[in-house]
Amino acid sequence: MSTFYATSNNTGYLLYTYSNHIIIRSKKDNMFSKGQVLTSDFLQDLSDTQFNSSIYYSYIDLYNNLIIRRLFDSSILFMSESITYTYFMPRLISFSGKLIILVEKKYDNKRYI
């Protein structure tokens, strides 16, 4: 899955995954830059959204933790460790002035939202 975010002055950003990496490429006019690796611990379920003039993204890491980060910020904004359950398809959305994560968890072979 990849997402392109258009910004002003004919620029933009392409966010995508390759293997265990989440990569960003910037676009100026009709030229894309070389990809920059944002993280190397990606396992599955990249989700991203724009909120308050920033791009946020979430994913499941190699240890089955749910991670939320902001683009161009190396720190982890949120990490939920998965000890007894498994996350399924988390979706990060911005709605009504809030950043929301929708998560489905599997515990004892039952699914919860």
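Residues numbered from 1 in each chain as written. Predicted model: local features only at pLDDT ≥ 70, side-chain atom pairs only at ≥ 80, totals over all residues. Heavy atoms only, no water.

Participant: Break down the overall build of the protein for me, with residues and values.
Facilitator: Of regular secondary structure, the protein possesses zero helices and 12 strands. When the 113 residues of the protein are sorted by exposure, 34% land in the buried category. Looking at the protein alone, contacts between residues at least 24 apart form 25% of all its contacts between residues at least 6 apart. Only carbon and sulfur atoms are counted for the fraction: they give 51% of the accessible area of the protein, which is about 7300 Å². (Helix = DSSP H or I, 4+ residues; strand = E, 2+ residues; numbered from the N terminus. Buried < 20%, exposed > 50% of the residue type's maximum accessible area, 1.4 Å probe, protein only. Contact = heavy atoms within 4.5 Å. Areas by Shrake-Rupley, 256 points an atom, 1.4 Å probe, with all protein chains shown as cover.)

Participant: Explain a nonpolar patch on the surface to me, using residue names and the numbers behind them.
Facilitator: Where nonpolar side chains cluster on the molecular surface, the patch consists of L43, L62 and Y63 and spans about 330 Å² of accessible area. On the secondary structure map, L62 appears in the loop between β7 (54–61) and β8 (66–70). Given a relative accessible area of 39%, L62 falls into the partly exposed group. (Patch = residues over 30% accessible without salt bridge, like charges linked within 9 Å, V, L, I, M, F, W, Y side chains within 5 Å. Salt bridge = Lys/Arg side-chain N within 4 Å of Asp/Glu carboxyl O.)

Participant: How would you summarise the nonpolar core if you had to cite specific residues and measurements?
Facilitator: Soluble globular proteins tend to bury their nonpolar side chains together. Counting residues in hydrophobic clusters, the biggest one holds 12 residues: Y5, L15, I22, I24, L38, F42, L46, I55, Y57, Y59, I67 and L71. Breaking this core down by element, the ones donating at least two residues are β3 (21–28), β6 (42–51) and β7. The dominant element in this core, judged by the number of residues it contributes, is β7, at three residues. When near neighbours in sequence (up to four residues on either side) are disregarded, I22 contacts L15, Y16, T17, Q36, V37, L38, T39, F42, L46, Y57 and Y59. (Core = buried A, V, L, I, M, F, W, Y, C linked by side-chain atoms within 4.5 Å.)

Participant: Which residues make up the confidence of the model for the protein, and what are the values?
Facilitator: Averaged over every residue, the pLDDT of the protein is 87; the share at 70 or more is 88%. Confidence, read as mean pLDDT per element, is least for strand β12 (residues 110–112) in the protein (56) and greatest for strand β5 (residues 36–39) (96). (pLDDT = per-residue confidence, 0-100.)

Participant: Break down the pattern of salt bridges for me, citing the residues and quoting the values.
Facilitator: On inspection of all chains with the given rule, the structure shows one salt bridge. Among the salt bridges present, the one from R70 reaches D73, with a minimum N-O distance of 3.0 Å. For R70, a relative accessible area of 27% gives the class partly exposed.

Participant: Help me get a handle on the sheet that holds β7, residues and values and all.
Facilitator: Taken together, the four strands give an open sheet; going across it, the order is β6-β7-β8-β9, and neighbouring strands pair in antiparallel fashion. Of all the strands in the sheet, the pair left with one neighbour each is β6 and β9 (78–80). Strand-to-strand twist across the sheet, computed as the mean angle between neighbouring axes with direction ignored, equals 15 degrees. Across five bridges, β7 lies against β8 in antiparallel orientation. Within the sheet, the bridge partner assigned to Y56 lies in β8 and is R70. (Pairing = 2+ DSSP bridges. Axes fitted to C-alpha atoms, helices over the stretch in contact; angles between N-to-C directions.)

Participant: Any details on unusual backbone geometry? Residues and values, ideally.
Facilitator: Phi at N52 is positive, roughly 50 degrees, even though this residue is not glycine. Its location among the elements puts N52 in the loop between β6 and β7. With phi around 65 degrees, S53 is a residue other than glycine that occupies positive phi space. Tracing the sequence through the fold places S53 in the loop between β6 and β7. Under the relative-accessibility criterion, S53 is labelled exposed at 72%.

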